[in-house]
Structure formats: C-alpha cells, structure tokens
Amino acid sequence: AGEYDVEQPNAERLVDDNQLVNDNEINTEKSLDAEDSAGIAPIMGQGFVSGGISMTYRSVVLKKWFQAPTVRESRGKPGEMGKPVKIPADMKDLMKEKFKENQFNLLASDMISLNRSLTDVRHENCRHKHYPSKLPTTSIVIVFHNEAWTTLLRTVWSVINRSPRSLLKEIILVDDASERDFLGKQLEDYVAKLPVRTFVLRTEKRSGLIRARLLGAEHVTGEVITFLDAHCECTEGWLEPLLARIVQNRRTVVCPIIDVISDETFEYITASDSTWGGFNWKLNFRWYRVPQREMARRNNDRTAPLRTPTMAGGLFSIDKDYFYEIGSYDEGMDIWGGENLEMSFRVWMCGGLLEIAPCSRVGHVFRKSTPYTFPGGTTEIVNHNNARLVEVWLDDWKEFYYSFYPGARKASAGDVSDRKALRDRLQCKSFRWYLENVYPESLMPLDYYYLGEIRNAETETCLDTMGRKYNEKVGSSYCHGLGGNQVFAYTKRQQIMSDDLCLDAASSSGPVNMVRCHNMGGNQEWVYDAEEKWIRHTNTGQCLQRATRDDASTPLLRPCNYSKGQQWLMESKFKW
Ligand code: UD2
Ligand code: MN
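This is a predicted model, so every value here is computed, not measured.

## Observations concerning the side chain of arginine 206
Within the secondary structure, arginine 206 is located in the loop between strand S3 (198-202) and helix H8 (208-218). Within the structure, the side chain of arginine 206 is placed 3.5 Å from the side chain of histidine 145, a separation counted as a polar contact. From its side chain, arginine 206 meets the backbone oxygen of threonine 373 in a polar contact 2.8 Å long. When neighbours within four sequence positions are excluded, arginine 206 is seen to be in contact with His145, Asp176, Ala177, Ile335, Tyr372, Thr373 and Pro375.

## Here we look at the coordination of the manganese ion (ligand 2)
Looking at the manganese ion (ligand 2), the protein donor atoms are Asp229 (OD), His231 (NE2) and His364 (NE2), and they sit 2.2 Å from it. Read N to C, the donor residues that coordinate the manganese ion (ligand 2) are spaced as D-x1-H-x132-H. Of this pair, histidine 231 sits in the loop between strand S4 (224-228) and strand S5 (232-234) while histidine 364 sits in strand S12 (residues 353-365); the two residues are 133 residues apart in sequence, bridging distant segments of the chain. Pair check on accessibility: histidine 231 and histidine 364 agree, each one buried.

## Points about the site of ligand 1
Among the 24 residues in the neighbourhood of ligand 1, the closest are listed as Asp176, Arg213, Gly337, Glu339 and Tyr372. A distance of 2.8 Å separates an oxygen atom of ligand 1 from a polar side-chain atom of arginine 206. One nitrogen or oxygen atom from the side chain of aspartate 229 is found 2.8 Å from an oxygen atom belonging to ligand 1. Here ligand 1 has 740 Å² of accessible area as a free molecule, and 99% of this is covered by the chains. Examining the composition of the shell around ligand 1, we find that three residues originate from one element, H8, more than from any other. Of the residues belonging to the shell around ligand 1, the class tally is eleven nonpolar, seven polar and six charged.

## What about the nonpolar core?
One finds Leu173, Leu187, Trp281, Phe345, Phe431 and Tyr434 to be the most contacted residues of the largest nonpolar core, which totals 124 residues. Aside from chain neighbours lying at most four places away, what touches leucine 187 is Phe144, Trp149, Leu152, Leu153, Leu173, Phe182 and Val200. The next biggest cluster of nonpolar side chains, apart from the first, holds 19 residues, and it includes Tyr490, Leu501, Leu503 and Met514.

## Thoughts on a negative patch on the surface
Taken together, Glu218, Glu331, Asp415 and Asp418 make up a surface patch of like negative charges. When you line up the elements, aspartate 415 lands in the loop between helix H14 (398-404) and helix H15 (417-425). Taking the relative accessible area as the measure of exposure, aspartate 415 reaches 57% and is therefore exposed.

## Let's talk about the pairing of S3
Most of S3 sits out of view: four of its five residues are buried. Where strand S2 (residues 168-175) and S3 come together, five bridges link them in parallel fashion. Bridge pairing in S3 links aspartate 175 to arginine 202. This β-α-β element, S2 to helix H7 (residues 185-192) to S3, shows right-handed connectivity.

## Focus on the pattern of salt bridges
Overall, the coordinates contain 34 salt bridges when judged by the stated rule. Between arginine 302 and aspartate 273 there is a salt bridge, with its nearest N and O atoms 3.0 Å apart. Of this pair, arginine 302 sits in the loop between helix H10 (292-297) and strand S10 (306-307) while aspartate 273 sits in the loop between strand S7 (268-269) and strand S8 (275-279); the two residues are 29 residues apart in sequence, bridging distant segments of the chain. On the basis of relative accessible area, aspartate 273 is assigned to the buried category, the value being 5%. Taken together, the shared-partner salt bridges in this structure form one network comprising Asp120, Arg122 and Arg127.

## Digging into the confidence of the model for the protein
Residues of the protein with pLDDT of at least 70 account for 86%, and the chain-wide mean is 87. Here helix H1 (residues 11-14) stands out as the element of the protein with the lowest mean pLDDT, 27, in contrast to S4, whose mean of 99 is the highest. Across residues 1-70, where pLDDT falls below 50, the model places 185 contacts with residues more than four positions away in sequence or in other chains.

## Focus on helix H13 (residues 378-393)
Between its first and last C-alpha, H13 extends 23 Å over 16 residues, near the 22 Å set by a 1.5 Å rise per residue. In terms of residue burial, H13 counts as a mostly covered element, since twelve of its 16 residues are buried. Residues of H13 that are buried include every one of Ile381, Val382, Asn383, His384, Asn385, Asn386, Ala387, Arg388, Leu389, Val390, Val392 and Trp393, and no others. Those residues of H13 that are buried are in contact with H8, helix H12 (339-349), H14, H15 and helix H16 (431-437). The first or second residue beyond H13 is aspartate 395, which carries a positive phi of 50°.

## Things to note about the state of the cysteines
What is meant by a disulfide is a covalent connection between two cysteines, made through their sulfur atoms. Applying the stated criterion across every chain yields a total of five disulfides. The side chain of cysteine 126 participates in a disulfide bridge whose partner is cysteine 359; the two sulfur atoms lie 2.0 Å from each other. Disulfide cysteine 126-cysteine 359: torsion about the S-S bond near -75°, hence left-handed. Here cysteine 126, found in the loop between helix H5 (106-111) and strand S1 (138-144), pairs with cysteine 359, found in strand S12; they are 233 residues apart in sequence, far enough to count as distant. Each member of the pair cysteine 126 and cysteine 359 is classed as buried. Shown here is the disulfide that connects cysteine 543 with cysteine 560, its sulfur atoms set 2.1 Å apart. On the S-S bond that ties cysteine 543 to cysteine 560, the torsion sits near 95°, and the link is right-handed. Taken as a pair, cysteine 543 in strand S24 (residues 543-545) and cysteine 560 in the loop between strand S25 (556-558) and strand S26 (568-569) lie far apart in primary sequence, 17 residues in all. A relative accessible area of 0% means that cysteine 543 is categorised as buried. Assessed through its relative accessible area of 23%, cysteine 560 is described here as partly exposed. Indicated for the protein is the disulfide connectivity 1-3, 2-4, 5-6, 7-8, 9-10, based on numbering the bonded cysteines in sequence order. You can see cysteine 234 has no disulfide; the closest cysteine sulfur is in cysteine 232, sitting 6.6 Å from it.

Analysis parameters
- Residues numbered from 1 in each chain as written.
- Chains lettered and ligands numbered in written order.
- Predicted model: local features only at pLDDT ≥ 70, side-chain atom pairs only at ≥ 80, totals over all residues.
- Heavy atoms only, no water.
- Helix = DSSP H or I, 4+ residues; strand = E, 2+ residues; numbered from the N terminus.
- Polar contact = N/O pair within 3.5 Å; in protein donor to acceptor, adjacent residues only side chain to side chain.
- Contact = heavy atoms within 4.5 Å.
- Donors = N, O, S within 2.8 Å, 3.2 Å for Na, K, Ca; no water.
- Buried < 20%, exposed > 50% of the residue type's maximum accessible area, 1.4 Å probe, protein only.
- Near = heavy atom within 4 Å.
- Areas by Shrake-Rupley, 256 points an atom, 1.4 Å probe, with all protein chains shown as cover.
- Nonpolar A, V, L, I, M, F, W, Y, C, P; charged D, E, K, R; others polar.
- Core = buried A, V, L, I, M, F, W, Y, C linked by side-chain atoms within 4.5 Å.
- Patch = residues over 30% accessible without salt bridge, like charges linked within 9 Å, V, L, I, M, F, W, Y side chains within 5 Å.
- Salt bridge = Lys/Arg side-chain N within 4 Å of Asp/Glu carboxyl O.
- Lys, Arg positive; Asp, Glu negative; His and termini not counted.
- Charge placed at Lys NZ, Arg CZ, Asp CG, Glu CD.
- Pairing = 2+ DSSP bridges.
- Right-handed = clockwise from strand over helix to strand, strands pointing away.
- pLDDT = per-residue confidence, 0-100.
- Expected span 1.5 Å × (residues − 1).
- Disulfide = S-S within 2.5 Å.

Following this line, the structure appears as structure tokens:
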C-alpha cells in the first residue's frame, strides 16, 4: 500500500546529555527508523534528513593501526566505538563558537581520534557473506570545500583502516578552492605519509561539488570510482559489497546504507535498512520506506541488494568506464544540489541499475544547515541545477515541479542541448517508463486529469493546504495563483492530491482532512463531475462544499444540492 515517509530523525535520541546510551546494542530497527530525509536539502529549510573488528580482519587491521600516527592517542579518547562525545559544561561556549565553522560540533570531532573505532553495525548475516575472490580495484574520490581537518582525515583513515589494501588503488582528495591554510601544504605533507597512495588536487576556482568530482574522476586509475563526502566514516566490510555488485553487472551504481554521525555528538547511529530514496514535487530527495513489492523481490532478505529509485548522492561506487559511458555528471550544474536525482534518473532511464547494498554501511555527518557560501545565491543555484534536471529528464512531469514551485520558472537552465543529445544518443527511456517500472509509488502520479488550483465558483477562493501537515483539515483561501499550497492534482486514481497529501474524508459529517496518500481508493476517492462541477466523495456520496461563515476557511462535505457553493473549477492558468 504505497510508501510511507520515514518518521522523525534521530534528534530525540541525543537530547539528554546525561543519558548513557547502550551503544553496543545497536538496533537497526529502532535507532534510526528515522531520518526524514537524511539531511538532504539542508539549505531549503526543509526538515532534513559491536563488537569491534571482526575475526577475519583482525590481524590486518591491527597492522594498519600501528601505521597510523594517531594510534597511541586513540585509546581512552572520547567517541571510541562510535559513542557520543560529551562536552564538559565549561567548554560549551567554545563548542558553540566552533560549531559555526562547519555546522557540526567541531570541538567534539577534534576530541575524537582520527582512527576511532566503531562497532560492527552490519546485519548478522552480512558477516558471513562470500564475495567474488576477484573484485575490481577502486579509487576513492573525496571533494571538499573548507572541510574541517579532523572530519576529513577521519574519513581518509576510516577508508584506509577498513578497506582491503589490495582493492584500494588510491585516495584522491579534491580541494574545491578552500580558504583554510591547513588544507594547503600541511594537508599535502600529511597525506604524503599515509600508507595508501593519497594526493590532493585543487580546482582553480570554486567549482562546486559536481565539477570537483569530475576533476577527481579524471585522475582515477582504479577500475571503479567510489565517491565519498568529506565527513564520513566507513565501517568494517563496507567496500566489498559495493564492488561485488559491479562485478555482477557493470551497469550497477551502488550505494552503502548511509548511517548517521550526529552533528551534535558525533555518535554513530545506525539508519534503517528498509528505506530507499525518493523525491517529492519540489524535487527534494527524501527517504521513504521500501514498499512490500521490493521486499518480496528480495525474498524478504534484508541483506540482499535493494533497488532504489534515487540516491542521496554523496556515497556510491560506479565502474569508471561506465561512469563516462552514461554521461558522468552535468558540468552545467553548480555548487550543490540536483546532481543526485539527475544521475538517478539517468542511470535508470538509460539502462543501468541503482542499488543500495545493505551490507555496506558508511556514516555521514548530516547537517541542518550549510556551512559554506553559494556564490550567486543558494536558491538561484539550486533552482538552476533543478531546471537542468527537469528540462532534460522529467518530460511532462516537470509541470509538477514548476506548478508546485512557480518561483523556479524564473531560473534559467542555460544550454542543455548537450545533455539532451546524450539522452538521445543513449536511447534512454521516458520518464513515464521510469514511473511505471522503477517508481510506481512515486508522489508524481502516472496519469492525472488536472494539475492546478481548484477554485470555488461562489466564494472565488481556492482549496489550500495552508501548509498544514498530515491529518489536518484542508483549507481554502484567496486564490493567489502562486502554486504551492494551492496546487492539486486530480489523478486517474481519483485522488485529489498535493505532494504526498490526499483529500480524505472518514465520515459524511466529519471534516475533509489531508492524509498521506495510500493509493487504495477508499476515503481518498473523489469523482469530479465536469458538468455540475461537483467534487463528489465516493464513499459517502456527499459533495465538497465551500466553507461556511462560522468556519470560514474549512470546506466540508454536504449532501449534493446544485448550489453554487458546491461548484469547483479546475481551469487555472497552469498549462494543464
Ligand atoms: C547531499 C550529498 C552530497 C551531494 C548533495 C547534493 C550525501 C551523504 N551527501 O548533501 O554528496 O550529493 O546532497 O548536491 O548523500 N563541496 C564542494 N564544493 C562545493 C560544495 C560542496 O567540494 O561548492 C563538497 C563538500 O565539502 C562535501 C561534498 O561536496 O564534501 C557534499 O557537500 P555537503 O556535505 O554539503 O552535501 P550534503 O551532505 O548536504
Ligand atoms: Mn555531506
């Protein structure tokens, strides 16, 4: 029955400073069944989103540990085994000050060893899996702009400490015009001494993460490119499950499960293994619960690779040649945003596969807001990237994006002819094909009669979600023609929907609520009579009527009576 947004992030678990969480019992179900969106779109004001070393690797890892310059300091340091760091009361001011530098608790990060230990958070059955003996080599590409020293180097050390050396070709750091001294020569000198070949590339001017990754990719000598953000921690056995999928099929793009490193305490918190990537009308990436049909396809094996409609974007492996065959990245995209959905649609529509390998787990520091500048304006840049994405890949469904978010029409996509030519050359399938075959649970309905405002003939007001949330009454207000809360789709399934909300009436006398769309008809089924202009609720046989004077902004159900207050016009300025 459709998909459900994953409730509330992990914040609750971290609130009580004095509470000692028993971290050896990491429960995949409970701890982060969470992450509304795993921190994606931090800038749009959207809510975002064990036992140590396993036997097989113990000797290898110990050896690596002795090569680490910080190993002697790591024992007894805060944060070991992924535990939260507690900042002493007299350091709270300093903590707040340092938080601003990167929008995470830098003081905490600086207290933790670069080599900190983590629990083995994998599902029990992952530990005994056999992978092909001949896996491809990979190069790790990490791009950063003004990253903190300790998060960057902890990312690097976690790769070195937890990847089989034979598979690790090199680590490529791409400095995207950072303005911090320590990321200059000091960084180069440091990485020169690492036990794995590591080097720093630098963009000439600020290029944004997309073009920075393209620069990194050019220098890859491994067979597979693995991208990571600069504030990650890889856990035991993270790499093999990614590479193994590419051996199976070189057109597979594979992501780990992205666990959460708390931006407040740096605690390592496991994420749910039953979420996949989706997106809403505004093209924000979101985590949703994996639908039953995909669970069934995997024979309910929680360790089997999971096909996901979209990826978060930062952490994935891809065959190097395939990366270029499939069109690498859109060079016309700036700074941040959009490239993850662009690549997701492209991979699926052009013959590839996008998966999450649940036995691969990598932590990432999700931030609530962005620490760096967006030269040219945050909204402008994200809208520009999204415009490129929708113009090339979304076909007719781009209207959901533009209607819902009319401000985005002002953004210029620039010249997308190369990307359209790529789509032709690769003979990619349509967005309809994607919705039908990859993502039938999408919030963008496959077939719909109407998309736009719904205006009452008598009051001239429009149905309006009023920005309310789930299970609240639908409202109506002055028709502003600005989309957003006043845009509804009337779908072939006879839903009246706005993003993930559907008009829903549970009884003939009760209110008309906005409820998470379940795609099963029932209380969410409405018949629009284009003659009478009625919106008739199938289950109760009643008609939607304008708000009364007592409750001025809440339309309700009443017996159908041919009054003007029951006439609703679906004929807005929007294209449909
Ligand atoms: C998520 C992705 C991120 C990217 C982004 C959409 C994860 C965990 N993260 O956002 O990889 O796909 O969505 O674009 O899936 N950076 C630069 N130059 C810039 C801006 C950023 O090099 O101009 C670096 C930055 O230092 C970081 C990486 O790019 O290492 C990703 O940026 P982020 O961490 O701010 O993005 P995040 O995790 O919010
Ligand atoms: Mn990140």
